[in-house]
There are 2 protein chains.
Amino acid sequence: MAGKGDKPAKADKSAAVAKSSKGRKKETGLGLTNTKDGNFGEWYSEVVTNGEMIEYYEISGCYILRPWTMAIWEIMQNFFDPEIKKMNIKTCYFPLFVSNNVLQKEKDHIEGFAPEVAWVTRSGDSDLEVPIAIRPTSETVMYPYFSKWIRGHRDLPLRLNQWCNVVRWEFSNPTPFIRSREFLWQEGHTAFATREEADTEVLDILELYRRLYEEYLAVPVVKGRKRTVYVVLSFDQTTWDGQTHAFIPNTGRGVQGATSHCLGQNFAKMFEINFEDEKGEKAMVWQNSWAYSTRTIGVMVMVHGDDKGLVLPPKVSAVQVIVVHVPYKDADVKEIINACSATVKTLCEAGIRAEADLRENYSPGWKYSHWEMKGVPLRIEIGPKDLANNQVRAVRRDNGAKVDIPMAGLVDSINGMLDTIQQSMFDVAKQKRDACIQVTKTWDEFIEALGQKKLILAPWCDEEEVEKEVKAKTKGETGAAKTLCSPLEQPELPEGTLCFASGKPAKTWTYWGRSY
Amino acid sequence: MAGKGDKPAKADKSAAVAKSSKGRKKETGLGLTNTKDGNFGEWYSEVVTNGEMIEYYEISGCYILRPWTMAIWEIMQNFFDPEIKKMNIKTCYFPLFVSNNVLQKEKDHIEGFAPEVAWVTRSGDSDLEVPIAIRPTSETVMYPYFSKWIRGHRDLPLRLNQWCNVVRWEFSNPTPFIRSREFLWQEGHTAFATREEADTEVLDILELYRRLYEEYLAVPVVKGRKRTVYVVLSFDQTTWDGQTHAFIPNTGRGVQGATSHCLGQNFAKMFEINFEDEKGEKAMVWQNSWAYSTRTIGVMVMVHGDDKGLVLPPKVSAVQVIVVHVPYKDADVKEIINACSATVKTLCEAGIRAEADLRENYSPGWKYSHWEMKGVPLRIEIGPKDLANNQVRAVRRDNGAKVDIPMAGLVDSINGMLDTIQQSMFDVAKQKRDACIQVTKTWDEFIEALGQKKLILAPWCDEEEVEKEVKAKTKGETGAAKTLCSPLEQPELPEGTLCFASGKPAKTWTYWGRSY
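Computed from a predicted model, the values in this text were never measured in an experiment. Note on numbering: residues in each chain are counted from 1, in written sequence order. A letter from A marks each chain and a number from 1 marks each ligand, given out in the order of writing. Selection of residues for local features in this predicted model requires a pLDDT of at least 70, selection of side-chain atom pairs for listing and counting requires 80 or more, and totals for whole chains, interfaces and linings are taken over all residues. Side-chain metrics rest on all non-hydrogen atoms present in the structure, leaving aside hydrogens and water.

Draft legend 1. A look at the overall build of chain A. Helix and strand counts for chain A stand at 15 helices and 23 strands. C-alpha atoms define the radius of gyration in this analysis, and the globule rule sets the expected value at 2.2 Å times the number of residues to the power 0.38. Here the C-alpha atoms of chain A give a radius of gyration of 26 Å, agreeing with the 24 Å that 2.2 N^0.38 yields for 516 residues. When the backbone C-alpha atoms are referred to their principal axes, chain A occupies close to 85 × 55 × 50 Å. Partly exposed describes any residue whose relative accessible area lies between the buried limit of under 20% and the exposed limit of over 50%, with all areas from a 1.4 Å probe on protein chains only and scaled to the type maximum. The buried share of chain A, taken over its 516 residues, is 57%. Here a residue-residue contact requires only that any non-hydrogen atoms of the pair lie within 4.5 Å. Partitioning the intrachain contacts of chain A with sequence separation of at least 6 by distance along the chain shows that 68% fall at a separation of at least 24. Only the protein chains shown count as cover for residues, with accessible areas throughout obtained via the Shrake-Rupley method and a probe of 1.4 Å. Carbon and sulfur atoms provide 48% of the accessible area of chain A, an area that totals close to 21,800 Å². For the purpose of charge, His is not counted, nor are the chain termini; Lys and Arg are scored as positive and Asp and Glu as negative. Charge coordinates come from a single atom per side chain, which is NZ of Lys, CZ of Arg, CG of Asp or CD of Glu. Mean positive and mean negative side-chain charge positions of chain A (66 and 70 charges, respectively) differ by 3 Å. Strands here mean DSSP runs of E at least two residues long; helices mean DSSP runs of H or I at least four residues long; both are numbered from the N terminus.

Draft legend 2. Main features of the relation of the copies chain A and chain B. Least-squares fitting of one copy onto the other uses the C-alpha atoms of those residues that reach a pLDDT of at least 70 in both copies. The operation relating chain A to chain B is a screw motion whose rotation component is 180 degrees, with 0.0 Å of axial translation and a residual RMSD of 0.0 Å. What the superposition gives is, in effect, a two-fold axis relating one chain to the other. Within chain A, the C-alpha atom positioned nearest to the axis of rotation is that of Val120 of chain A, 2.1 Å from it. A share of 98% of interface residues in chain A that are also interface residues in chain B marks the association as one of identical surfaces.

Draft legend 3. Quick look at helix α7 (residues 195-216) of chain B. Residue and element names in this part refer to chain B. Under the convention used throughout, the expected extent of a helix is 1.5 Å for every residue step, that is, one less than its residue count. An ideal rise of 1.5 Å per residue puts 32 Å on 22 residues; α7 measures up with 31 Å between its terminal C-alpha atoms. Within the span of α7, buried status applies to Ala198, Glu201, Val202, Ile205, Leu206, Leu208, Tyr209, Arg210, Leu212, Tyr213, Glu214 and Tyr216. Phi turns positive, to about 55 degrees, at Ala218, one or two residues after α7.

Draft legend 4. Representation of the nonpolar core within the structure. Here, nonpolar core refers to any group of buried Ala, Val, Leu, Ile, Met, Phe, Trp, Tyr and Cys residues whose side-chain atoms link them within 4.5 Å. Of all hydrophobic cores here, the largest spans 86 residues; its most connected members are Phe97 and Ile134 of chain A together with Phe97 and Ile134 of chain B. What Ile134 of chain B contacts, discounting residues up to four positions off in sequence, is Phe97, Val120 and Ile134 of chain A together with Leu96, Phe97, Val117, Ala118, Val120 and Val167 of chain B.

Draft legend 5. Just the confidence of the model for chain A, in detail. Residue and element names in this part refer to chain A. The pLDDT value expresses, per residue, how confident the predictor is, ranging between 0 and 100. Residues with a pLDDT of 70 or more make up 92% of chain A, whose mean pLDDT is 91. Segment residues 1-28: pLDDT under 50, and 34 contacts once partners within four positions in sequence are set aside and those in other chains are kept. In the model, residues 230-235 has pLDDT below 50 throughout and makes 18 contacts with residues more than four positions away in sequence or in other chains. Under the prediction, the complex receives an ipTM of 0.93, its pTM being 0.93.

Take a look at the structure:
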């Protein structure tokens with residue numbers, strides 16, 4: 001794997017920057033020292049730390065997820081978990097540890113993870129008899145038990161999901177949320193009697209992932225497929241991954257948002273997951289595995305954040321409305337504060353997540369910057385004039401628009417604004433993403449678009465060898481271009497269209513680009 | 001620590017039994033091969049595996065938590081998490097890994113965990129530069145950051161909680177839920193400006209733990225305190241643990257149910273968690289940590305289970321009502337099945353967790369045993385006679401009582417029965433527990449009661465040395481007797497009462513016994 005080796009990890013660059021910028025921040029008060037367009041990587045690191053989502057941890061590649069992050073994670077979980085429960089998928093919890101023996105069983109599967117597996121070799125002062133691995137994912141942890149539990153067709157489908165942490169001891173370029181050595185995720189593992197049922201589930205889950213991204217995180221994604229071929233011993237079966245793919249315009253990189261793998265019968269073969277079908281004959285199950293992780297949150301930060309800090313979609317923000325009192329000289333501060341508290345109370349009672357910042361040792365201006373940094377979607381300011389006019393002033397985080405709102409009908413107005421912000425954030429992100437899509441039909445066009453950080457849509461012959469060649473030819477400092485996914489919704493592909501890379505007849509439209 | 005060493009763990013005895021009993025079970029159908037009174041340990045292992053709560057895992061001391069378990073865990077979480085959020089405690093997630101350096105910082109704290117710490121020393125094929133520990137608990141993981149985040153009195157209180165897995169590589173006697181090498185828990189970590197606030201929280205959390213046990217798991221607990229003295233360097237401060245203590249009559253053992261530690265300022269001193277108070281003076285925070293784990297579920301199984309298997313309290317059971325159709329010769333099976341489905345639909349719509357078992361390849365009798373093994377609180381049987389009389393038959397799992405219920409008003413009747421079962425399970429458990437309490441005032445009485453597996457309540461001088469002597473004198477194959485806790489609600493202690501063990505003046509009534 002490119003960029004990986006047995007050298008100890010470099011200290012995260014971004015952590016060092018966050019530190020060195022501290023001096024400057026002390027002088028200038030709040031604000032970022034990097035801009036999104038100027039230095040994306042360091043901007044990102046500053047945004048997630050100053051926005052109090054992440055704290056860098058003393059072990060490189062591990063990050064502390066602060067309450068501001070976990071609130072988003074929990075809101076997503078509160079959408080996704082009931083949805084999969086409706087599909088009769090049950091919660092389980094398998095151990096963190098896996099024996100070498102089992103881990104190695106599916107050799108092709110583990111090959112990708114092997115260099116990243118963390119090994120426990122000691123407890124207290126004693127060496128373990130055999131080292132034990134920490135799960136990088138749980139296929140090999142779970143499937144021996146699928147084999148035990150599944151006997152007949154009545155035991156199917158078996159549909160399990162767990163919420164847990166996994167560990168991948170990566171050495172390249174740790175980045176909060178996007179590439180961390182430990183991360184949180186859900187992993188679904190299911191087994192069916194028929195391929196059709198399995199395929200249907202892949203698409204159902206993919207649709208939930210799309211909704212998570214688009215309806216909750218306001219991040220547009222492409223639903224697509226990627227062909228995966230697992231060759232296990234003498235057993236050969238084409239399988240596919242359903243993916244939701246996002247795109248970061250600033251870096252011109254695609255990012256795999258969440259994946260729903262159609263595993264076919266490969267693991268079933270290795271782990272002997274058989275059942276007696278309705279005719280009394282022995283058959284093998286069809287399996288899926290699917291996961292989304294805390295990476296989703298990193299994608300959301302990258303897409304929406306700006307030079308003032310985080311910009312959070314109302315649906316997932318721990319605080320949707322922050323109420324700040326604006327005391328003027330000679331004004332009755334107490335009355336203003338009471339109005340703020342009353343406003344918060346009214347909004348909370350209506351189910352809006354509102355808080356007041358009534359600290360008297362900070363100026364309103366400082367507070368505006370603080371809550372902008374944290375990405376709160378809507379700020380309400382209340383000063384003497386507002387009080388006199390029986391109104392509040394509302395300021396949108398996403399576009400800075402200001403509007404005076406009469407206290408009468410406040411809840412409806414605010415609910416309306418939050419909906420508008422949510423939709424507008426998605427629309428703007430989609431517009432930006434779409435503006436990056438470049439259709440290319442020739443190699444020259446492709447290379448030009450790649451240089452312009454485009455999300456490239458190109459006709460492709462769908463041959464693995466050709467992708468390898470493209471990777472080899474585009475390998476550079478910023479990483480090689482590769483297929484991101486073939487969109488499920490295919491544009492028309494006129495007969496005779498040729499692959500941009502090989503010149504052979506094209507079989508599918510496919511997105512290409514560099515990726516995280 | 002008694003019973004621990006550097007030998008590799010023995011294979012769980014109970015796993016072997018579960019295996020060998022399989023042959024017999026095949027002949028006899030369902031049912032347990034051990035009884036609760038006859039061989040408690042093996043009965044327990046059989047109940048949790050046959051009831052499909054636990055699957056033994058290939059790594060000793062690790063267990064698979066199956067959906068039947070996780071449903072209970074989630075219901076408890078759905079009670080506890082909103083309650084602590086109301087207290088303004090926020091969710092966070094700190095890394096699984098901790099450096100040796102930090103782990104060792106609070107030496108007395110880590111001393112108890114050191115032999116049980118699992119160490120990661122390798123990733124892929126490479127040795128790590130320094131071994132990294134897996135958290136046995138997160139005090140030392142978190143508190144360096146408390147120190148960083150807390151500056152002034154406005155940063156207080158800091159109240160965090162995380163839901164996570166922890167690892168304690170114990171070698172003695174692994175037991176599902178009760179003593180496992182990895183377990184799930186919540187751990188709350190909080191810091192306050194004053195001792196009073198911290199003490200109040202300890203009691204608030206203890207009350208939530210009591211409610212979890214008593215209102216959800218129907219297990220009576222004693223709320224008590226235990227004196228803990230942390231001596232850190234030259235710093236000396238008496239602190240205390242608030243505990244909920246349960247008791248298992250069959251084994252005569254107490255079990256620490258969940259603990260809310262008042263940590264005083266010991267960690268604050270070690271990790272320099274200081275703040276500027278309202279007068280501008282430097283002060284140290286007061287801290288608590290509190291946790292409940294999957295152990296709670298094991299206690300519940302031990303208290304309620306019987307010779308037919310699990311007995312689950314309705315409030316936490318994944319399935320509260322199982323509906324079984326009872327087809328008789330010549331009866332219209334389809335009509336009966338429709339009635340079952342309609343019943344389930346009616347109950348589910350009323351918020352009751354009901355399911356039908358309409359499998360035709362199992363007899364009603366087999367199904368009764370199956371669902372009794374799984375502990376479902378209420379079984380509804382529908383046969384031709386019930387259909388004719390427009391009624392259903394309901395059978396309670398906890399006491400076997402049978403009653404015919406008219407279809408009219410079914411929901412109210414079933415809701416009433418579920419409430420009754422919940423209350424009755426608690427009452428019966430409390431009666432049994434109370435019958436085990438023995439007040440002893442002399443050493444001879446104490447030894448006799450201990451032999452009879454009693455939960456001993458005795459007047460005590462509250463001196464650590466005396467407890468050590470009691471432990472030394474009672475050490476035997478089944479473990480030494482020790483203080484369980486001093487109940488918060490103290491019986492009257494007349495002046496002149498002497499300690500049962502030392503003969504010195506007694507200061508408190510304290511529960512004593514063997515424990516898990």
